[in-house]
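# Overview (structure and organization)
What follows is the residue order along each chain.
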Amino acid sequence: MNDLFNDFFANQNPEYIKIWQNSVVGIAGVGGLGSNIAISLTRAGIGKLILADPDTVSNSNLSRQQYFLNQVGLPKVAALKDNLMNISPFTLVNPYPLKITPVNLSMIFGKIDILIEALDDADQKQMLIENWQELYPEKYIIGASGIAGVGKNELIHTEQIGTLFLIGDGISEIEDGVYPTAARVAVVANMQANLCLELLLQKGN
Amino acid sequence: MLTITVNGQEIPWEEGMTIRNILNKMNYSFRMLVIKVNDKVVKKEDWDSFQVPPGADVKVIHLISGG
């Protein structure tokens, strides 16, 4: 195990790995954003991920979410945990197959360093951000807003309002004629993951 | 004249001004928003009652579905 650890992170900064291994990150929603975020954070060496999502994997998810044909029908958090464990034994994964509510929010995510909002519906995003910022105003939360469509890399940006960060183009809603596509969803997801890793280094766990 | 700042834009402050008044005044019609006043979240249920103090820094953040 120790040899594997040294090999796995052989071309990584050991100081960074130490910090990331000591970090706990929550991911609210493991669809297109959350499944991509979880994979990048696992490869980076985050010590523990808390995943929450009530959905099961469907055929239509495979166009952009990090699941496989033989996982259709499984709870997403369980399927994602399997995929993450196939990547690395150095990230512990706690799966919660639950819809997040103001009531269960602190039970699920109370012990994390950073929360990543990767939910689908705007009203759910609002519920999570409002309640999280009220409960834990000092903890970072990284959300996404405006991910649909193709191309337009130049419109995707990060906005910071205190401890709240939002990544996306701020305009592209999923509606008739505008669809979430694999590449653009993964770009936003990995910008969220990239910012999370950077903030953890600044925090220096 | 007392003022507040809304997404970087300075507007006159009025006695008893609420979040709802500000959204109407600014013509913000987005469906889903998060509001922060002086970096503290004001929840949607309080938009009609929360009184914005003079000099406040108000941020209106637009949330879009997709995840």
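Residues numbered from 1 in each chain as written. Chains lettered and ligands numbered in written order. Predicted model: local features only at pLDDT ≥ 70, side-chain atom pairs only at ≥ 80, totals over all residues. Heavy atoms only, no water.

### A word on the overall build of chain A
Looking only at helices and strands, chain A features seven helices and seven strands. Relative to the globule expectation of 17 Å for 205 residues, the C-alpha radius of gyration of chain A, 16 Å, shows essentially globular dimensions. Its C-alpha atoms give chain A principal-axis dimensions of roughly 50 × 40 × 35 Å. Counting the 205 residues in chain A, one finds 52% classified as buried. Put simply, of all contacts in chain A between residues at least 6 apart along the chain, 70% involve residues at least 24 apart. For chain A, the accessible surface area stands at approximately 9,200 Å², while carbon and sulfur atoms represent 52% of it. Seen as two clouds, the 13 positive and the 21 negative side-chain charges of chain A have centres 6 Å apart. (Helix = DSSP H or I, 4+ residues; strand = E, 2+ residues; numbered from the N terminus. Rg over C-alpha atoms; globule rule 2.2 N^0.38 Å. Buried < 20%, exposed > 50% of the residue type's maximum accessible area, 1.4 Å probe, protein only. Contact = heavy atoms within 4.5 Å. Areas by Shrake-Rupley, 256 points an atom, 1.4 Å probe, with all protein chains shown as cover. Lys, Arg positive; Asp, Glu negative; His and termini not counted. Charge placed at Lys NZ, Arg CZ, Asp CG, Glu CD.)

### Comments concerning the pattern of salt bridges
Counted under the stated rule, the structure contains eight salt bridges over all chains. The partner of Lys43(B) in a salt bridge is Glu134(A), and the shortest N-O contact between them spans 2.9 Å. In this pair, Lys43(B) is assigned in the loop between β4 (40-42) and β5 (57-62) and Glu134(A) in helix α6 (residues 122-135), connecting two distinct chains. (Salt bridge = Lys/Arg side-chain N within 4 Å of Asp/Glu carboxyl O.)

### A short note on the side chain of Ser23(A)
All names here are of chain A. Looking at where Ser23 falls in the secondary structure, it is placed in the loop between α2 (14-21) and β1 (24-28). Among the polar contacts listed, one links the side chain of Ser23 to the backbone oxygen of Ile19, at a separation of 2.8 Å. Non-local contacts of Ser23, meaning those with residues more than four positions away in its chain, are made with Ile46, Gly47, Lys48, Asp113, Leu200 and Asn205. (Polar contact = N/O pair within 3.5 Å; in protein donor to acceptor, adjacent residues only side chain to side chain.)

### A word on the nonpolar core
With 42 residues, the main nonpolar core has Ile27(A), Leu33(A), Ile37(A), Leu41(A), Leu49(A) and Leu51(A) as its most contacted residues. Aside from chain neighbours lying at most four places away, what touches Leu49(A) is Val25(A), Ile27(A), Ala38(A), Leu41(A), Thr42(A), Leu84(A), Thr91(A), Leu92(A), Val93(A) and Asn94(A). Ranked by size, the runner-up nonpolar core spans 26 residues in total, among them Leu105(A), Trp132(A), Leu166(A) and Ile61(B). (Core = buried A, V, L, I, M, F, W, Y, C linked by side-chain atoms within 4.5 Å.)

### Observations regarding unusual backbone geometry
A positive phi is found at Lys152(A), a non-glycine position, where the angle reads about 50°. Checked against the element boundaries, Lys152(A) lands in the loop between β5 (140-144) and β6 (157-161). The phi angle at Asp39(B) is positive, at roughly 70°, despite the residue not being glycine. Along the polypeptide, Asp39(B) turns up in the loop between β3 (33-37) and β4. When its relative accessible area of 42% is taken as the criterion, Asp39(B) is described as partly exposed.

### Some points on the packing of helix α3 (residues 32-44) of chain A against helix α4 (residues 76-87) of chain A
Residue and element names in this part refer to chain A. In the contact formed by α3 and α4, the axes pass within 10 Å of each other and the chain directions differ by 25°. Here α4 runs roughly parallel to α3, going by the angle between their axes. Seen from above, α3 lies across α4 with right-handed handedness. Facing Gly34, Ser35, Ala38, Ile39, Thr42 and Arg43 of α3, the residues of α4 in contact are Leu80, Leu84 and Ile87. Partitioning the contact of α3 with α4 into residue classes produces five nonpolar, three polar and one charged. (Axes fitted to C-alpha atoms, helices over the stretch in contact; angles between N-to-C directions. Parallel < 35°, antiparallel > 145°, perpendicular 65-115°, else oblique. Left-handed = near helix turned anticlockwise from the far one by under 90°. Nonpolar A, V, L, I, M, F, W, Y, C, P; charged D, E, K, R; others polar.)

### With respect to the sheet that holds strand β3 (residues 92-96) of chain A
Residue and element names in this part refer to chain A. Strands sit in the order β3-β2-β1-β4-β5-β7-β6 across an open sheet of seven strands; the sheet is mixed. In the strand order of this sheet, the two ends are held by β3 and β6, each with one partner. Neighbour to neighbour, the strand axes of the sheet diverge by 15° on average, direction disregarded. Relative to strand β7 (residues 164-168), β6 runs antiparallel, the two sharing five bridges. Bridge pairing in β7 links Glu159 to Leu166. Across the sheet, α6 touches β1, β4 (114-117), β5 and β7, and the angle it forms with β5 is around 170°. (Pairing = 2+ DSSP bridges.)

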